[in-house]
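Chains, contacts and geometry: an overview
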Amino acid sequence: MAELQADAMDTAAAVQVDTSTMVAPPPAVPVVATSAQETAAATTAEDPGPAVETPEAQFWAVLKENPSDFDTWVKLLQIVEQQEKTFAAREAFDAFLAQFPYCYGYWKKYADYEQRQSGNETAKEVYRRGLDAVPLSIDLWLQYATFTEQTSKASELEKVEEVQA
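My aim in this report is to walk through the structure given alongside it, one point at a time. Predicted model, so just to flag it, every value in this text is computed and none were measured.

1. Details of the environment of R116
Examined against the element boundaries, R116 turns out to sit in helix 6 (residues 104-118). Expressed as a C-alpha distance, the spacing of R116 and E84, which sit 32 residues apart in the sequence, is 9.8 Å.

Here it is as structure tokens:
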């Protein structure tokens, strides 16, 4: 152990930074404005102020640091569902379900969201992915069976209406 510490100290002593070759950054160039509009633009360019992050971006930042923070995931999913931004919702649901695949209720929420946004086929694909991830979930199988029954009845009714027309 003492031998390793001695080697580490020798290595640290051998590494030295030569500051004589470092170059200082160039000085800031002042912005000279000729009109009131250019003055306002120059002030904005110099001091953009604090960046405003969306709640969605804030939640993603927290999740990047701690991907197992279930409460933050739930808040993120609530926000993306309310915004109805399909790409953002898919990204959030996919990432959440990769982290927590056994949360069968969220497979249903995802399928319901997809059914509202994209139709039955996309929802059916979400159910299939969920059943692949959690094949022993009786609740998910029951939800899928109910979904299949409802959508097949709806498609049969549409066919009857087409024949009658």
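2. A few points about the nonpolar core
By size, the foremost hydrophobic cluster in this structure holds 28 residues, and its most contacted members are L76, F96 and Y106. Not counting the four nearest positions on each side in its chain, F96 is found in contact with F70, W73, L77, C103 and Y106.

3. What about helix 6?
Compared with the 21 Å implied by 1.5 Å per residue over 15 residues, the 21 Å span of helix 6 between its first and last C-alpha is a close match. Along helix 6, the residues that are buried comprise Y106, W107, Y110, A111, Y113 and E114. For helix 6, the arc enclosing every buried residue in end-on projection is 160 degrees, short of the 170-degree limit, so these residues lie on one face. At the exit of helix 6 stands G119, carrying a positive phi of roughly 110 degrees.

4. Concerning the packing of helix 4 (residues 70-83) against helix 6
The contact between helix 4 and helix 6 brings their axes to 12 Å, and the two run at 15 degrees. On the basis of their axis angle, the class for helix 4 and helix 6 is roughly parallel. Here helix 4 and helix 6 pass one another in a crossing that is left-handed. Facing helix 4, whose interface residues are F70, V74, L77, V80 and E81, helix 6 presents Y106, K109, Y113 and R116. For the contact of helix 4 with helix 6, the class distribution of residues is six nonpolar, no polar and three charged.

Procedures and definitions
- Residues numbered from 1 in each chain as written.
- Predicted model: local features only at pLDDT ≥ 70, side-chain atom pairs only at ≥ 80, totals over all residues.
- Heavy atoms only, no water.
- Helix = DSSP H or I, 4+ residues; strand = E, 2+ residues; numbered from the N terminus.
- Core = buried A, V, L, I, M, F, W, Y, C linked by side-chain atoms within 4.5 Å.
- Buried < 20%, exposed > 50% of the residue type's maximum accessible area, 1.4 Å probe, protein only.
- Contact = heavy atoms within 4.5 Å.
- Expected span 1.5 Å × (residues − 1).
- Arc of directions from axis to C-beta.
- Axes fitted to C-alpha atoms, helices over the stretch in contact; angles between N-to-C directions.
- Parallel < 35°, antiparallel > 145°, perpendicular 65-115°, else oblique.
- Left-handed = near helix turned anticlockwise from the far one by under 90°.
- Nonpolar A, V, L, I, M, F, W, Y, C, P; charged D, E, K, R; others polar.

Limitation: the analysis is restricted to geometry and does not speak to function.
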